Amino acid sequence: MKKPKLQEAVRELREVCHDAIAARIQHTDKSYAEIGAELGCSEQTVFLVAKLRRLGRNSQQFSSHPDVADVAEDANDGGSHE
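Overview of the structure. Small disclaimer: the values here were computed from a predicted structure and weren't measured. (Residues numbered from 1 in each chain as written. Predicted model: local features only at pLDDT ≥ 70, side-chain atom pairs only at ≥ 80, totals over all residues. Heavy atoms only, no water.)

### Re the overall build of the chain
Thought 1: Within the chain, the secondary structure is distributed over 4 helices and 0 strands.
Thought 2: Starting at the N terminus, the α and β elements of the chain follow one another as α-α-α-α.
Thought 3: Relative to its 82 residues, the chain shows a buried fraction of 26%.
Thought 4: By sequence separation, contacts in the chain at least 24 residues apart represent 56% of the contacts at least 6 residues apart.
Thought 5: If you sum the accessible surface of the chain, you get close to 5700 Å²; carbon and sulfur atoms cover 54% of it. (Helix = DSSP H or I, 4+ residues; strand = E, 2+ residues; numbered from the N terminus. Buried < 20%, exposed > 50% of the residue type's maximum accessible area, 1.4 Å probe, protein only. Contact = heavy atoms within 4.5 Å. Areas by Shrake-Rupley, 256 points an atom, 1.4 Å probe, with all protein chains shown as cover.)

### Some remarks on helix H1 (residues 3–27)
Thought 1: When the terminal C-alpha atoms of H1 are compared, their 36 Å separation across 25 residues agrees well with the 36 Å that a helix rising 1.5 Å per residue should span.
Thought 2: Arg14, His18, Ile21, Ala22, Ile25 and Gln26 are the residues of H1 that are buried. (Expected span 1.5 Å × (residues − 1).)

### Comments concerning the environment of isoleucine 25
Thought 1: Within the fold, isoleucine 25 resides in helix H1.
Thought 2: Distance in space between the C-alpha atoms of isoleucine 25 and glycine 56 is 6.9 Å, their sequence separation being 31 residues.

### Describing the pattern of salt bridges
Thought 1: Summed over the entire model, instances satisfying the criterion amount to 5 salt bridges.
Thought 2: Arginine 11 is the salt-bridge partner of glutamate 8, the closest N and O atoms lying 2.9 Å from each other. Here arginine 11 and glutamate 8 lie together in helix H1, a separation of 3 residues that amounts to about one turn.
Thought 3: Salt-bridge contacts for glutamate 38 lead to arginine 24; the nearest nitrogen and oxygen are separated by 2.5 Å. Taken together, the residues span a long stretch of sequence, with glutamate 38 in helix H2 (residues 32–39) and arginine 24 in helix H1 at a distance of 14 residues.
Thought 4: Taking the relative accessible area as the measure of exposure, arginine 24 reaches 26% and is therefore partly exposed.
Thought 5: Salt bridges here are not isolated pairs; linked through shared partners, they connect Glu15, Asp19 and Arg53. (Salt bridge = Lys/Arg side-chain N within 4 Å of Asp/Glu carboxyl O.)

### So, the nonpolar core
Thought 1: Counting residues in each nonpolar core, the largest one holds 10 residues, listed as Ile21, Ala22, Ile25, Tyr32, Ile35, Cys41, Val46, Val49, Ala50 and Leu55.
Thought 2: Look past the residues within four positions of alanine 50 in its chain and what remains in contact with it is Ile25, Tyr32 and Leu55. (Core = buried A, V, L, I, M, F, W, Y, C linked by side-chain atoms within 4.5 Å.)

### Brief notes about the packing of H1 against helix H3 (residues 43–52)
Thought 1: In the contact formed by H1 and H3, the axes pass within 9 Å of each other and the chain directions differ by 80°. One finds that H1 runs roughly perpendicular with respect to H3. Contacts from His18, Ile21, Ala22 and Ile25 in H1 reach Thr45, Val46, Val49 and Ala50 in H3.
Thought 2: Residue classes in the contact of H1 with H3 are distributed as 6 nonpolar, 2 polar and no charged. (Axes fitted to C-alpha atoms, helices over the stretch in contact; angles between N-to-C directions. Parallel < 35°, antiparallel > 145°, perpendicular 65-115°, else oblique. Nonpolar A, V, L, I, M, F, W, Y, C, P; charged D, E, K, R; others polar.)

Rendered as structure tokens:
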């Protein structure tokens, strides 16, 4: 069954992308739109990552944030939008 392997690969890739977005939110003064353009995703995706990880400008990532892949899976995401 390849479907679980593919889903896991998508989940891992999404996590890597969301980690990059989170790092930009924390370490740059760029707007969410600029971050999205730089990383090839939408401003809404950057906003979603910030919200899910409880990030804002000059804030630190909380250690008890929900797993972004699990949140997307719960929303019946099933695939990557970016």
